[in-house]
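This is what each chain is made of:
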Amino acid sequence: MSTSLDSPLPSSYRSRQDFLASLPPWRRLLSKLNWHPTVELKVQQYELEKRLQQLRSETEQMQKEEMQREIAHEQRMQQLASDTEQLRKENAREAELNAKIAALWPSSTSSSAQAPPPEHDSPI
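Counting restarts for each chain: residues are numbered from 1 in the order of the written sequence. Note on the predicted model: pLDDT of at least 70 is required for a residue's local features to be given, and 80 or more for side-chain atom pairs to be given and counted; whole-chain, interface and lining totals, by contrast, use all residues. With hydrogens and water excluded, all non-hydrogen atoms of the structure serve as input to the side-chain values.

A.B. asks: Help me understand the overall build of the protein in this model?
C.D. replies: Note on conventions: DSSP H or I runs of at least 4 residues are helices, E runs of at least 2 residues are strands, and numbering of each starts at the N terminus. From N to C terminus, the protein includes 4 helices and 0 strands. Listed by position from the N terminus, the elements making up the protein come as α-α-α-α. The buried share among the 124 residues of the protein stands at 9%. Within the protein, counting contacts between residues at least 6 apart in sequence, those at least 24 apart form 53% of the total. Looking at the protein as shown, the accessible area adds up to about 11300 Å², and 57% of this sits on carbon and sulfur atoms. Burial classification: accessible surface area is computed with a 1.4 Å probe over protein chains only, and a residue below 20% of its type maximum counts as buried, one above 50% as exposed, and the rest as partly exposed. Any two residues whose heavy atoms approach within 4.5 Å at even a single point are treated as in contact. Per-residue and other accessible areas follow the Shrake-Rupley method at a 1.4 Å probe size, with only the shown protein chains counted as cover for residues.

Written as structure tokens, this is what we have:
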């Protein structure tokens, strides 16, 4: 007797109606007299086991997908952290360059206080 959950329902796990429908009429009458209700319980147990296995596989699949999402999230967070650090370094370098430029170029207030260059008078 096959108990693989992927295969069709084994003959010993058929429901009462299916079993009776497979018998000739005279055998159906005899069968009704000798029917054992434990077969119905076995059918229900088989269906529950099949459903349990399906739920377990779905749960495993969902756990795998969740782990993949967590890994992808961690990678994104690491990338954002490295990008943020790179931007901080670039901002510090830019501020340093701006300070150097400001030191090299006199400000506009100091240039207005200086005397204008002398004009040359041309003799005519």
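From this point on, the discussion continues.
A.B. asks: Can you help me understand the pattern of salt bridges in this one?
C.D. replies: Between side chains of opposite charge, a pair can form when the charged atoms approach closely. Each salt bridge in this description consists of a side-chain nitrogen of Lys or Arg and a carboxyl oxygen of Asp or Glu lying within 4 Å of one another. In the structure shown here, the tally under the stated rule is 3 salt bridges. For Arg-69, the salt bridge is made with Glu-66, and the minimal N-O distance between the two is 2.8 Å. Separated by 3 residues within a single helix, Arg-69 and Glu-66 lie in helix α3 (residues 38–104), roughly one turn from each other. A relative accessible area of 48% places Arg-69 in the partly exposed class. The partner of Glu-85 in a salt bridge is Arg-88, and the shortest N-O contact between them spans 3.7 Å. Separated by 3 residues within a single helix, Glu-85 and Arg-88 lie in helix α3, roughly one turn from each other. Its relative accessible area of 37% is what places Glu-85 among the partly exposed residues.

A.B. asks: Where do I start with a nonpolar patch on the surface in this structure?
C.D. replies: Taken together, the side chains of Trp-26, Leu-30 and Leu-33 define a hydrophobic patch exposed on the protein surface, amounting to about 390 Å² of accessible area. Structurally, Leu-33 can be placed in helix α2 (residues 25–34). Each patch groups residues whose relative accessible area exceeds 30% and which form no salt bridge, using 9 Å between like charges and 5 Å between nonpolar side chains of Val, Leu, Ile, Met, Phe, Trp and Tyr.

A.B. asks: How should I be thinking about the confidence of the model for the protein in this particular structure?
C.D. replies: Should the pLDDT be low somewhere, the predicted coordinates at that spot are not to be read in detail. A score from 0 to 100, pLDDT tells how confident the predictor is in each residue. Mean pLDDT over the protein works out to 80, with 72% of the residues at or above the 70 mark. Averaged pLDDT values for the elements of the protein fall to 52 in helix α4 (residues 108–113) and rise to 94 in α3. For residues 1–5, every residue scores under 50 in pLDDT, and the model assigns this stretch 10 contacts once sequence neighbours within four places are set aside.

A.B. asks: Honestly, the environment of Val-43 in this entry has me stumped. Any pointers?
C.D. replies: On the secondary structure map, Val-43 appears in helix α3. Owing to a relative accessible area of 6%, Val-43 belongs among the buried residues under this scheme. Separated by 27 residues in sequence, Val-43 and Arg-16 place their C-alpha atoms 9.4 Å apart.

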